[in-house]
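# Commentary on secondary and tertiary structure
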Amino acid sequence: MEDETQAEEEAGPAIQKRVRTSFARQGLMTHLGAHLAHIGPGRVRIVLPARPEVTQQHGYVHAGATSAIADSAGGYAALTLFDEESEVLTVEYKINLLAPAAGDRIEAIGTVLKSGRTLTVCQSEVYAVQPGGERKLVANGQQTLIRVTRPER
């Protein structure tokens, strides 16, 4: 199981800024109330506080919200390894919902498994975190991303 206390390598300042700037432009992440908790080379962690607006009818964090932060965590993990002229788009992803997402927050950790010239494969793990810090794996996924040239703004 993922240990939040283990030392996580930080990405350089330029990559940190690039990822944070891109993340701030994501309307869905803003709408959900998600935020970046860690940006490292090939690894990104996104936190989503549990609140009524992101739950389903039983009070658990909705699978759509869980999947959205898992997708973004993997995408940004890939972006940390790309040059400045490149962006990333998800080609496909699969997620297994392993347990109800119940806790104070959920955390998605995206990790690059293989970064290629065109396609990159990432793994995502989503944990529900209890008030005392206990963590439970609630979802696991894999995604394929494509590197694209940054569009003109």
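Heads up: these notes are all about the structure in this document. (Residues numbered from 1 in each chain as written. Predicted model: local features only at pLDDT ≥ 70, side-chain atom pairs only at ≥ 80, totals over all residues. Heavy atoms only, no water.)

Moving on, we come to helix α3 (residues 63-79). Here α3 is 17 residues long and its end C-alpha atoms lie 24 Å apart, about the 24 Å a rise of 1.5 Å per residue gives. Taking burial as the measure, the 17 residues of α3 include 14 buried ones, the bulk of the element. (Helix = DSSP H or I, 4+ residues; strand = E, 2+ residues; numbered from the N terminus. Expected span 1.5 Å × (residues − 1). Buried < 20%, exposed > 50% of the residue type's maximum accessible area, 1.4 Å probe, protein only.)

So, about the side chain of serine 67. Looking at the secondary structure, you find serine 67 in helix α3. Given the relative accessible area of 9%, serine 67 is considered buried. For serine 67, the residues in contact, after removing those within four places along its chain, are Tyr93 and Ile95. (Contact = heavy atoms within 4.5 Å.)

This part takes up empty space enclosed by the protein. One pass over the full model with this rule turns up 1 cavity of 30 Å³ or more. Along its surface, the largest cavity is lined by Ala70, Asp71, Tyr93, Lys94, Ile95, Ser124, Gly141, Gln142 and Gln143. Of all elements in the fold, only α3, β3 (86-97) and β6 (135-149) reach the threshold of two or more residues within the lining of the largest cavity. Residues belonging to the lining of the largest cavity are distributed by class as follows: 3 nonpolar, 4 polar and 2 charged. (1 Å grid on protein atoms, 1.4 Å probe; cavity = no way out; pocket = protein on both sides within 12 Å on 5 of 7 lines; lining within 4 Å. Points joined across faces, edges and corners; volume = space filled by probe spheres on them. Nonpolar A, V, L, I, M, F, W, Y, C, P; charged D, E, K, R; others polar.)

Treat this as a map of the structure, not an account of what it does.
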